[in-house]
Amino acid sequence: MFNLGPMDGQEQPIETDTDELCVAMTDGQQHRYLRTNEVQRLPDGRSAVVFDWAGRYYGPK
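To keep things clear, this report deals only with the structure shown in the data block. Keep in mind it's a predicted model, so treat the numbers as computed, not measured.

**With respect to the pattern of salt bridges**
Oppositely charged side chains can pair when the atoms bearing their charge come close.
Then step 1. Tallied over the entire structure, the rule returns three salt bridges.
Then step 2. Between arginine 46 and glutamate 11 there is a salt bridge whose closest N-O contact spans 2.9 Å. Linking arginine 46 in the loop between β3 (29-41) and β4 (47-58) with glutamate 11 in the loop between β1 (2-3) and β2 (20-24), this pair joins segments that are 35 residues apart in sequence.
Then step 3. Taking relative accessible area as the criterion, glutamate 11 reaches 45% and is therefore assigned partly exposed.
Then step 4. A salt bridge links aspartate 44 to arginine 46; the nearest nitrogen and oxygen atoms lie 2.7 Å apart.
Then step 5. A residue is classified by how much of its surface remains accessible, and aspartate 44, at 52% relative accessible area, is exposed.

In structure tokens:
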């Protein structure tokens, strides 16, 4: 579950050991999200790890 930033509230499937996610936008911006220790319960009963927005950049990291 993305928290803050342009993807706020959206879900993304991940591997269990994922610590960082980068989302590439169509305009070339890339948004970085870092894993937190927070787990959120979803309306359907599943649990979701929360990733907080850590900033954006353009081009290759």
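Continuing now.
**Some remarks on the nonpolar core**
Then step 1. Formed by Phe2, Met7, Leu21, Val23, Tyr33 and Phe51, the largest nonpolar core amounts to six residues.
Then step 2. If we ignore the near neighbours within four places in the chain, the residues touching leucine 21 are Phe2, Ile14, His31, Arg32, Tyr33 and Phe51.

What counts and how
- Residues numbered from 1 in each chain as written.
- Predicted model: local features only at pLDDT ≥ 70, side-chain atom pairs only at ≥ 80, totals over all residues.
- Heavy atoms only, no water.
- Salt bridge = Lys/Arg side-chain N within 4 Å of Asp/Glu carboxyl O.
- Helix = DSSP H or I, 4+ residues; strand = E, 2+ residues; numbered from the N terminus.
- Buried < 20%, exposed > 50% of the residue type's maximum accessible area, 1.4 Å probe, protein only.
- Core = buried A, V, L, I, M, F, W, Y, C linked by side-chain atoms within 4.5 Å.
- Contact = heavy atoms within 4.5 Å.

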